[in-house]
Amino acid sequence: MTLQLRGIHKSFGEAKALESIDLTVASGKFTTLLGPSGCGKTTLLRIIAGLETPDQGELRIGDIVLFDRARRVNRPVHQRGFGMVFQDFALWPHMTVLENVAFGLKAKGDKAGWRRRSLEAIELVRLGGMEKRYPHQLSGGQQQRVALARAIAIRPQLVLFDEPMSALDAMLREEMRLELLSLVRQIGFTAIYVTHDQTEAMSMSDEIVVMQGGRILQQDSPEAIYRSPKHAFTARFIGKTNWLEADKRLVRPEHVSWSRKSESDLTWNGTVQAVSYMGERYEMAVDLGEKGMWLAYHPARMSIGEPVQLFVAPEFVRVLQSE
Ligand SMILES: Nc1ncnc2c1ncn2[C@@H]1O[C@H](COP(=O)(O)OP(=O)(O)OP(=O)(O)O)[C@@H](O)[C@H]1O
Ligand SMILES: [Mg+2]
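Here is what the cut-offs are and how they apply
- Residues numbered from 1 in each chain as written.
- Chains lettered and ligands numbered in written order.
- Predicted model: local features only at pLDDT ≥ 70, side-chain atom pairs only at ≥ 80, totals over all residues.
- Heavy atoms only, no water.
- Helix = DSSP H or I, 4+ residues; strand = E, 2+ residues; numbered from the N terminus.
- Buried < 20%, exposed > 50% of the residue type's maximum accessible area, 1.4 Å probe, protein only.
- Lys, Arg positive; Asp, Glu negative; His and termini not counted.
- Salt bridge = Lys/Arg side-chain N within 4 Å of Asp/Glu carboxyl O.
- Polar contact = N/O pair within 3.5 Å; in protein donor to acceptor, adjacent residues only side chain to side chain.
- Contact = heavy atoms within 4.5 Å.
- Pairing = 2+ DSSP bridges.
- Axes fitted to C-alpha atoms, helices over the stretch in contact; angles between N-to-C directions.

Draft legend 1. Just the side chain of Lys-41, in detail. Along the chain, Lys-41 falls in helix α1 (residues 41-49). Buried charge Lys-41 goes without a salt bridge, the closest partner of opposite sign being Glu-163 at 4.5 Å. At 2.9 Å, the side chain of Lys-41 and the backbone oxygen of Gly-35 are in polar contact. If we ignore the near neighbours within four places in the chain, the residues touching Lys-41 are Leu-33, Leu-34, Gly-35, Pro-36, Glu-163, Val-194, Thr-195, His-196 and Met-211.

Draft legend 2. Structural view of the sheet that holds strand β5 (residues 64-68). Pairing is antiparallel in the open sheet, where five strands are placed in the order β2-β1-β4-β5-β6. A strand with exactly one partner marks an edge of an open sheet, and here the two such strands are β2 (15-25) and β6 (73-74). Across seven bridges, the pairing between strand β1 (residues 3-12) and β2 is antiparallel. Along β2, the bridge assignment pairs Leu-5 with Leu-23. This element, α1, spans β1, β2 and β4 (56-61) of the sheet and lies at about 120 degrees to β1.

Draft legend 3. Structural detail: the sheet that holds strand β17 (residues 307-312). The strand order across the open sheet built from four strands is β16-β15-β14-β17, with neighbouring strands paired in antiparallel fashion. With partners counted over all chains shown, the strands left at the sheet margins are β16 (293-298) and β17, one partner each. With strand direction ignored, the average angle separating the axes of adjacent strands in the sheet is 50 degrees. Pairing between strand β15 (residues 282-287) and β16: six bridges, direction antiparallel. Residue pairing across strands places Met-284 opposite Ala-296, the latter belonging to β16.

Draft legend 4. Looking closely at the pattern of salt bridges. For the structure shown, the criterion picks out 18 salt bridges. When the shortest N-O distance is used, the salt bridge between Glu-179 and Arg-145 registers 3.2 Å. With Glu-179 in helix α6 (residues 170-187) and Arg-145 in helix α5 (residues 140-153), the pair connects residues that are 34 residues apart, well separated along the chain. In this structure Arg-145 comes out as buried when scored by relative accessible area, which is 10%.

Read these as layout, nothing more, since geometry by itself doesn't imply function.
Structure representation (structure tokens):
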């Protein structure tokens, strides 16, 4: 069922955390809220969960109204029944893996099925055999999986994730990313995932919602966000940028070439300012004088101060719709 938010506002005292949020999240999709610290991601997620009350607006899932200020409807958290996985996992230290995972099912009064369903969820996150352990007897990645099993054990239609990977190291994060995606495919729940990590957002999402200062700037597929950002902020936040005209005409570094491919190519002369080795390529900062510093990729090291020419095919110049 589609989740719909209309005209959501939220202030904390004088400070506006969210302004005029309209958002539609399609059923079964993986949607990521992406934006810098303080832009309102957690607040929005908490509003969807029912942990925070908006000042204005309406929130519904399918035909069911979850919140409507005007009609004084506000379903409490437990009636919304969404799964939640938050940053610090918050497992109960005095409970075993099984007890942690079973908590939501027991709270719902599932007397007959809680054990089987909990063990199923534990199997799904590949922790079979560890159900008697306590959280302190697990690695960080395993604890994270317990939190995931706890969220999905109740078979929610929607699972909310707030930076669930932030406590994990880079390798484990990548592993968990793939596991989480396969779990989403297997069980088929709708996921709303908060992160400020653009790689995470790009690699996992069906849709990305870019936020800044309590507003939504753009909602699109990862490809559309990267290739056709509507705002300079989005262009900079997701990927590296070269500007033909400040904040208006954009060229991504992978579209800058070192030789002329066609008569219509745009051409500039510059000098190499910095060389960074990235393993699979070198990132070259090239000083183009009035055009500023540009970034381009090259397969071999070049010397600093070397004069170079850069070429861009006109079709790779993106004109932004608005500032
Ligand atoms: N309970 C609160 N009381 C007062 N201000 C709050 C409260 N919760 C959030 N805020 C403010 O609302 C704004 C949005 O906060 P929020 O936690 O939603 O940001 P975020 O995008 O999740 O940031 P981060 O990436 O750092 O987690 C911030 O300016 C924050 O200081
Ligand atoms: Mg947050």
